[in-house]
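Examining the three-dimensional arrangement
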Amino acid sequence: MFSRRSLIFLLLMVVVGLNLRPAMSSVAPLLTRLQETAGLTAAQAGLLTTLPVLFLGLTAPLAPLLALRLGSERALSTALIILATGLILRGLPLPGALFIGSAMAGGAIGLGGTLLPALVKRELPASADLVTGLYTMALCLGGALGAGLSVPLTALLGSWQASLMSWSLLALVALLLWHFSMPSQPSGTITQPEASGLMKLLGQPLTWYVMLFMGLQSSMAYVVFGWLPSLLVSRGYTEAAAGWTMAVSIMFQLVSALTAPWLARLGRDQRPALLFVQCLTASGLWLLLMAPMAWKWPGAILLGLGQGGSFSLALSLLVLRTANSRLAGQLSGLVQGGGYTLASMGPFLVGLQLQAGATTATITWMLITILALCSGFALFAGRNLRLDNLHGQLIVQRY
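These numbers were taken from a predicted model, which means no experiment stands behind them.

Re the overall build of the chain
- A count of helical and extended segments in the chain gives 18 helices and two strands.
- Whereas a compact globule of 399 residues would reach a radius of gyration of roughly 21 Å, the chain reaches 20 Å, a difference of no more than 12%.
- Each principal axis of the C-alpha distribution contributes one length, and for the chain these read about 60 × 40 × 40 Å.
- The buried share of the chain, taken over its 399 residues, is 58%.
- In the chain, the share of contacts with a sequence separation of at least 24, taken over all contacts with a separation of at least 6, comes to 83%.
- In the structure as shown, the chain presents an accessible area of about 15100 Å², 71% of it carried by carbon and sulfur atoms.
- Of note, the chain has its 20 positive side-chain charges centred 3 Å away from the centre of its 8 negative side-chain charges.

Right under this line is the structure:
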């Protein structure tokens, strides 16, 4: 049974998690409209979808430093303040505000997304991987809300600017709840490692395997967040239909996001689960982008199941591959920092390809190739190995 403290933490984790995807998924259904009304080229649209992911990756390694100075709880409050500010800024009629606000939102998500896994490991160490599934489910739900409500909010509020700014309200609600109810750090608990430990982690091949898996699977997620509706519109979908198709796909991420860690926990080797979800993702992409449009719902479902499971398992690796919350926080910063920086290249590459006149089929096969490469790193990241500190030395051991 969970204690009252643990239940409050779980609720707060879900509320914060709901805020870590709408900043990106809410833009995708409006991307065609932005290109028409704001005069964005395909390359500029690609930059708009890339900036949040790039800054997510650049700021993630800073999260341990911010937590060391402010404490993990106040550092997360700071991230929510930056997120709300960025979401408001991107809708203001100021030169470059759309891009600057998007970058700020991505940076805030990088901080928050890095801080939460370490907090989960600290608050619920025995169930950290399973609780990560619940956290991932909250991320997926937030992404689905952003994708599905973006166009309706534009119609309701009268402009895409107001639609994009409205998501700041959700961030402000999360900020208030977290600030007044956040759990205090237990006395004597050390949650952040020293800088020298970061270099030791970078010297471990396991760190790189997990990082590269995280980056490649995330690149697929942000291509979907950034470009799936536009690719569907090019196939003949309406703007609203493309947004809802993406929303349905993200909703099905909820199922696999919650169940994948349970399935992975049945054994200490996560490779079968990791490969399975990559196959689901590839199948869903092919059905949505290359098969007849009658297959759109099976494609959306398979894509959602694959991506939800893939991301949930990637986050689970941060706790499964570490022996304590200190290493989990350190690995989280490195893996999410390097991984998301790599992932940012995915949306930008799609934008460049569209600018050059690439067909949807060409883009689809490029994405499937990336998934195949991701599966290769999954074979190394999914082994039953764990990083641990033993007598001041960082070692890799079976568990």
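What about the confidence of the model for the chain?
- On average, residues of the chain carry a pLDDT of 84, and 92% of them reach 70 or more.
- Of the regions scoring below 50 in pLDDT, residues 187-193 engages in 16 contacts with residues more than four places distant in sequence or in other chains.

What to know about the side chain of Gln 204
- Looking at the secondary structure, you find Gln 204 in the loop between helix H11 (195-202) and helix H12 (205-234).
- Here Gln 204 is in contact with Leu 387, Leu 394 and Val 396, once residues within four sequence places are set aside.

Regarding a nonpolar patch on the surface
- A cluster of nonpolar side chains, Ile 88, Leu 92 and Leu 94, forms an exposed patch at the surface whose accessible area comes to about 230 Å².
- Counting through the fold element by element, Leu 92 comes out in the loop between helix H6 (72-89) and helix H7 (97-123).

Some thoughts on helix H5 (residues 63-70)
- Burial in H5 covers these residues: Ala 63, Pro 64 and Ala 67. The buried side chains of H5 occupy one side of the element, clustering within an arc of 95° when seen end-on. Those residues of H5 that are exposed and angled more than 90 degrees off the buried face are Leu 65, Leu 68 and Arg 69.
- Residue Gly 71 follows H5 closely and has a positive phi angle near 95°.

Some words on the pattern of salt bridges
- Enumeration according to the criterion identifies one salt bridge in this entry.
- The partner of Asp 269 in a salt bridge is Arg 271, with the nearest N and O atoms 2.5 Å apart.
- When its relative accessible area of 28% is taken as the criterion, Arg 271 is described as partly exposed.

Some remarks on the packing of H5 against H6
- Where H5 contacts H6, the two axes come as close as 7 Å, and the packing angle between them is 120°. Classified by the angle their axes make, H5 and H6 are oblique. As for how H5 packs across H6, the hand of that crossing is right-handed. Contacts from Leu 66, Ala 67 and Leu 70 of H5 reach H6 at Ser 72, Arg 74, Ala 75 and Thr 78.
- Split by residue class, the contact of H5 with H6 holds four nonpolar, two polar and one charged.

Some details on helix H4 (residues 42-59)
- Taking 1.5 Å per residue as the helical rise, H4 with its 18 residues ought to reach 26 Å, and the 26 Å between its terminal C-alpha atoms agrees with that figure.
- Restricting attention to buried positions, one finds in H4 the residues Ala 42, Ala 45, Gly 46, Leu 48, Thr 49, Thr 50, Leu 51, Pro 52, Val 53, Leu 56, Gly 57 and Thr 59.

Focus on the environment of Val 16
- Along the chain, Val 16 falls in helix H1 (residues 4-17).
- Residue class for Val 16 comes out buried when judged on its relative accessible area of 1%.
- As for Val 16 and Gly 96, which are separated by 80 residues in sequence, their C-alpha atoms are 27 Å apart.
- Not counting residues within four places of it along the chain, the set of residues in contact with Val 16 comprises Leu 76, Leu 80, Leu 116 and Trp 178.

Observations concerning the packing of H12 against helix H14 (residues 271-289)
- It is at 12 Å that the axes of H12 and H14 come closest, and there the two elements cross at 20°. Compared by their axis directions, H12 and H14 come out roughly parallel. Crossing hand, H12 versus H14: left-handed. Facing Phe 213, Met 220, Leu 228, Leu 231 and Leu 232 of H12, the residues of H14 in contact are Leu 274, Gln 278, Leu 285, Leu 288 and Leu 289.
- Split by residue class, the contact of H12 with H14 holds nine nonpolar, one polar and no charged.

Some points on the packing of aromatic side chains
- This model, assessed by the stated rule, comprises two aromatic pairs.
- Judged by centre distance (4.8 Å) and plane angle (25°), the ring pair of Tyr 209 and Phe 380 falls under stacked. Here the residue Tyr 209 occupies a position in helix H12, and Phe 380 occupies one in helix H18 (residues 360-381), the gap between them amounting to 171 residues.
- On the numbers, 5.9 Å between centres and 70° between planes, the contact of Tyr 222 with Tyr 340 is edge-to-face. Of this pair, Tyr 222 sits in helix H12 while Tyr 340 sits in helix H16 (residues 325-343), and the two are 118 residues apart along the sequence. One exposure class covers both Tyr 222 and Tyr 340, and it is buried.

Conventions and cut-offs
Residues numbered from 1 in each chain as written. Predicted model: local features only at pLDDT ≥ 70, side-chain atom pairs only at ≥ 80, totals over all residues. Heavy atoms only, no water. Helix = DSSP H or I, 4+ residues; strand = E, 2+ residues; numbered from the N terminus. Rg over C-alpha atoms; globule rule 2.2 N^0.38 Å. Buried < 20%, exposed > 50% of the residue type's maximum accessible area, 1.4 Å probe, protein only. Contact = heavy atoms within 4.5 Å. Areas by Shrake-Rupley, 256 points an atom, 1.4 Å probe, with all protein chains shown as cover. Lys, Arg positive; Asp, Glu negative; His and termini not counted. Charge placed at Lys NZ, Arg CZ, Asp CG, Glu CD. pLDDT = per-residue confidence, 0-100. Patch = residues over 30% accessible without salt bridge, like charges linked within 9 Å, V, L, I, M, F, W, Y side chains within 5 Å. Salt bridge = Lys/Arg side-chain N within 4 Å of Asp/Glu carboxyl O. Arc of directions from axis to C-beta. Axes fitted to C-alpha atoms, helices over the stretch in contact; angles between N-to-C directions. Parallel < 35°, antiparallel > 145°, perpendicular 65-115°, else oblique. Left-handed = near helix turned anticlockwise from the far one by under 90°. Nonpolar A, V, L, I, M, F, W, Y, C, P; charged D, E, K, R; others polar. Expected span 1.5 Å × (residues − 1). Phe/Tyr/Trp six-rings, centres within 6.5 Å; stacked < 30°, edge-to-face > 60°.

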